[in-house]
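# Descriptive structure summary
These are the residues of each chain, in order.
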Amino acid sequence: MSYQIYLTENWPYERIKRYSGDLTEAMKKIARRFPDDISFQTMAEEIASGERQLWIIVDEKENFVAFVTSHIEILASGKKRVELLELAGHGGEKIADMIEPIEEWAKTIGASEICPIGRIGWSKIMRAHGYRPSVVKYRKELNNGRK
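Just so we're clear, the structure is a prediction, and the values are computed from it rather than from any experiment.

This brings us to the pattern of salt bridges. Inspection of the entire model under this criterion finds seven salt bridges. Of the charged contacts in the structure, one is a salt bridge between R52 and E86, with a shortest N-O distance of 2.4 Å. Remark: E86 occurs in strand β4 (residues 80–89) and R52 occurs in the loop between α3 (40–49) and β2 (53–59); sequence separation between them is 34 residues. For the pair formed by R52 and E86, the shared burial category is buried. Of the charged contacts, one joins R81 and E113 as a salt bridge, the two residues approaching to 2.5 Å between their closest N and O atoms. Within this pair, whereas R81 is found in strand β4, its partner E113 is found in strand β5 (residues 113–116), the two being separated by 32 residues in sequence. Taking the relative accessible area as the measure of exposure, E113 reaches 32% and is therefore partly exposed. One network of salt bridges, with partners in common, ties together E46, R52 and E86.

A separate point is the nonpolar core. Among the nonpolar cores identified, the biggest contains 20 residues, and I57 and I102 are the most heavily contacted of them. The set of elements that each furnish at least two residues to this core consists of β1 (3–7), β2, β3 (64–74), β4 and α4 (99–108). Apart from the residues within four sequence positions on either side, I57 is in contact with Y3, Q4, I5, N63, F64, V65, A66, I95 and M98. With 16 residues, the next largest nonpolar core counts I47, I56, V58 and A88 among its residues.

About the thresholds
- Residues numbered from 1 in each chain as written.
- Predicted model: local features only at pLDDT ≥ 70, side-chain atom pairs only at ≥ 80, totals over all residues.
- Heavy atoms only, no water.
- Salt bridge = Lys/Arg side-chain N within 4 Å of Asp/Glu carboxyl O.
- Helix = DSSP H or I, 4+ residues; strand = E, 2+ residues; numbered from the N terminus.
- Buried < 20%, exposed > 50% of the residue type's maximum accessible area, 1.4 Å probe, protein only.
- Core = buried A, V, L, I, M, F, W, Y, C linked by side-chain atoms within 4.5 Å.
- Contact = heavy atoms within 4.5 Å.

Below, the structure is given as structure tokens:
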């Protein structure tokens, strides 16, 4: 099965509407999995405002497979970084290849790096595409005497 990825920033509403049900469910899946980090409403608002870019991955019949969001960040040094934030859908390891068109797009906007933010389990797949971990975010929930 082959996949295609599309940056939707210039899509008319009618084209996005075709994927709205699957896209909404995938976005809600992310929000349910990480309720402290992101909400469906925040994702939708940031995509609509242009703060995040929405990428849709489809199969050879143009059926929805997954989505990913990106965010353009200007670093203190003035360099431009593209962060890959949310990813949900299905397709497993095969959708990892869809990072290459995002890399090409990032070059066209003058980005100097791409920084995917994801689970530790992605490490093997990301290494196959030339990515290496740069930081690890540790987390510990504090009880604060509450039950």
